[in-house]
Amino acid sequence: MKNATEPDMMDDPQPNQIAEEVDRRRQDRHIAMLRLAKIKAESGEGWGFIKNLSATGMMIEVNPVFELGDSVSAILTEDQELSGAVRWRKNTLVGVEFFEPINVAKVLAKPTETKKGRVPRLPRVEMKHPINLYQGARIISADICDISPAGVCVRTDHTFEVGKKVRLSVPDLLDIDGTIRWQLGVRVGIAFSERLRLDDLMVWLSTFYQTAKIDESELQALNKGAESGNVPRQAEDALPFKIIGHDDLGKEVLIDTMDSAAEALNQFKATSKFFYKVSIRNADDVELSIGAIVLRAFDEERAAAQS
């Protein structure tokens, strides 16, 4: 008499049970990958890479200066967003646990056409930041509406001719040629002549969001002063600028001194990845807001262009 536990006495698993088990194991497995995504956090937006993925979480890689809060979203396309709680962070790597389990196979599937008949694209990072456009010797002031490594949408009252070349300039980020692709009212789409380096763009976006953290009334005063030229800037006039590096124990290191706001921003960007925090101070050792330095850099550029 055979034991009831022997293989020929067991019920054969049904095909649907096998399929469910395979799917469960596939969902539980961490799949290694490298996929670009728009990263949306409490502090702002930027880009990063999804390094591995499972049904319950993901590991993403972001720039070390990109601040994250308690939760974060990775937006792969305009209609595909993964959201969860930040469980750990080590330098550039971040562990995220999803609020709800996801279907990994669906996420990894090749994008299909939307109802409008086009394949979903990576969402652009929305923002508002001044930018200078050059056509010959003419300077055209505009504001960035959204940006990606491949192009930018700006808002301006100037009328462009589609297909024409322009030069784009933002202190410490852009000094690049572009082509006018479209214009709809005051919004203009411009394609860059070459893709921006993602790392440089992420550092600059982090600087932009630090600017946004200054007091709203201070920012309004700075913008008003930039337009009228009547707001005193004693703090920023106390040269040279001192770039200070801070470690996580509170120790400070003088990195460099500079007489130009644009150069100070450039040094800020170049060294941010090596320190816990980087600040800019004036000759009186007063820490300056990044917003004030950005506006000062614009003034320097416009003055140089006019001369």
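Residues numbered from 1 in each chain as written. Predicted model: local features only at pLDDT ≥ 70, side-chain atom pairs only at ≥ 80, totals over all residues. Heavy atoms only, no water.

Undergrad: Teacher, can you tell me more about the nonpolar core here?
TA: When a protein is soluble and globular, its nonpolar side chains tend to lie buried together. Counting 24 residues, the largest nonpolar core has Leu133, Leu168 and Ile190 as the members making the most contacts within it. Among the elements of the structure, strand E7 (125-135), strand E8 (138-148), strand E9 (151-155), strand E10 (165-170), strand E11 (174-184), strand E12 (187-192) and helix H3 (198-212) are those that each provide at least two residues to this core. Beyond its immediate sequence surroundings of up to four residues, Ile190 is in contact with Leu133, Gly151, Val152, Val154, Val166, Leu168, Gly178, Thr179 and Ile180. Within the second largest apolar cluster, 21 residues are counted, among which are Met33, Ala37, Ile60 and Val104. (Core = buried A, V, L, I, M, F, W, Y, C linked by side-chain atoms within 4.5 Å. Buried < 20%, exposed > 50% of the residue type's maximum accessible area, 1.4 Å probe, protein only. Helix = DSSP H or I, 4+ residues; strand = E, 2+ residues; numbered from the N terminus. Contact = heavy atoms within 4.5 Å.)

Undergrad: It is not clear to me how the sheet that holds strand E2 (residues 44-53) should be interpreted in this structure. Could you clarify?
TA: Remark on secondary structure: sheet strands pair via backbone hydrogen bonds, oriented parallel or antiparallel. Ordered in space as E1-E2-E3-E6-E5-E4, the 6 strands form a closed barrel in which the pairing is antiparallel. Sheet twist, expressed as the average angle between the axes of neighbouring strands with direction ignored, equals 45 degrees. Relative to strand E6 (residues 93-98), strand E5 (residues 80-90) runs antiparallel, the two being bridged by 6 bridges. Paired with Arg89 across the bridge in E6 is Val94. (Pairing = 2+ DSSP bridges. Axes fitted to C-alpha atoms, helices over the stretch in contact; angles between N-to-C directions.)

Undergrad: Help me out: how do you make sense of the pairing of E8 in this one?
TA: Each regular strand displays side chains that alternate between the two surfaces of the sheet. Direction of pairing for E7 relative to E8: antiparallel, over a ladder of 9 bridges. Counterpart to Gln135 in the pairing with E8 is Arg138. Hairpin connection between E7 and E8: a loop of 2 residues separates the two successive antiparallel strands, and Gly136 in this loop has a positive phi of roughly 65 degrees. Between the antiparallel neighbours E8 and E9 lie 2 residues.

Undergrad: Got a minute to help me understand helix H6 (residues 261-272) in this structure?
TA: Structural remark: α-helix, 3.6 residues per turn; residues separated by three or four positions point the same way. The end-to-end C-alpha distance of H6 is 16 Å, a good match for the 16 Å that 12 residues give at a rise of 1.5 Å each. Among the residues of H6, Ala261, Ala264, Leu265, Gln267, Phe268, Lys269, Thr271 and Ser272 are the ones counted as buried. (Expected span 1.5 Å × (residues − 1).)

Undergrad: Looking at this structure, I do not really get the pattern of salt bridges. What am I missing?
TA: Pairing is possible between side chains of opposite charge, provided their charged atoms come close. Inspection of every chain in the model, using the stated rule, returns 9 salt bridges. Put simply, Arg87 and Glu97 hold a salt bridge, and the shortest N to O gap is 2.7 Å. Pair noted here: Arg87 is in strand E5 and Glu97 is in strand E6, with a separation of 10 residues, a long-range link. We note a salt bridge from Arg167 to Asp175, for which the minimum N-O separation is 3.2 Å. Arg167 gets classed as partly exposed once you look at its relative accessible area, which sits at 28%. We classify Asp175 as exposed; its relative accessible area is 55%. One network of salt bridges, with partners in common, ties together Lys242, Glu252, Arg281 and Asp285. (Salt bridge = Lys/Arg side-chain N within 4 Å of Asp/Glu carboxyl O.)

Undergrad: Just to check I follow, could you spell out the confidence of the model for the protein chain for this structure?
TA: Any segment with low pLDDT has predicted coordinates that should not be analysed in fine detail. In this model, the protein chain carries an average pLDDT of 76, and 68% of its residues clear a pLDDT of 70 or more. Mean pLDDT per element in the protein chain: helix H4 (residues 216-228) is the minimum at 48, and E12 is the maximum at 93. Counting contacts from residues 1-10, a segment whose pLDDT is below 50, to residues more than four positions away or on other chains yields 4 contacts. Per-residue pLDDT stays below 50 along residues 225-233; that stretch engages in 10 contacts with residues further than four places along the chain or on separate chains. (pLDDT = per-residue confidence, 0-100.)

Undergrad: It is not clear to me how the environment of Phe192 should be interpreted in this structure. Could you clarify?
TA: Along the chain, Phe192 falls in strand E12. Classification of Phe192 by relative accessible area gives buried; the value is 9%. Once the C-alpha coordinates of Phe192 and Gly178 are considered, the two residues, 14 residues apart in sequence, prove to be 4.3 Å apart.

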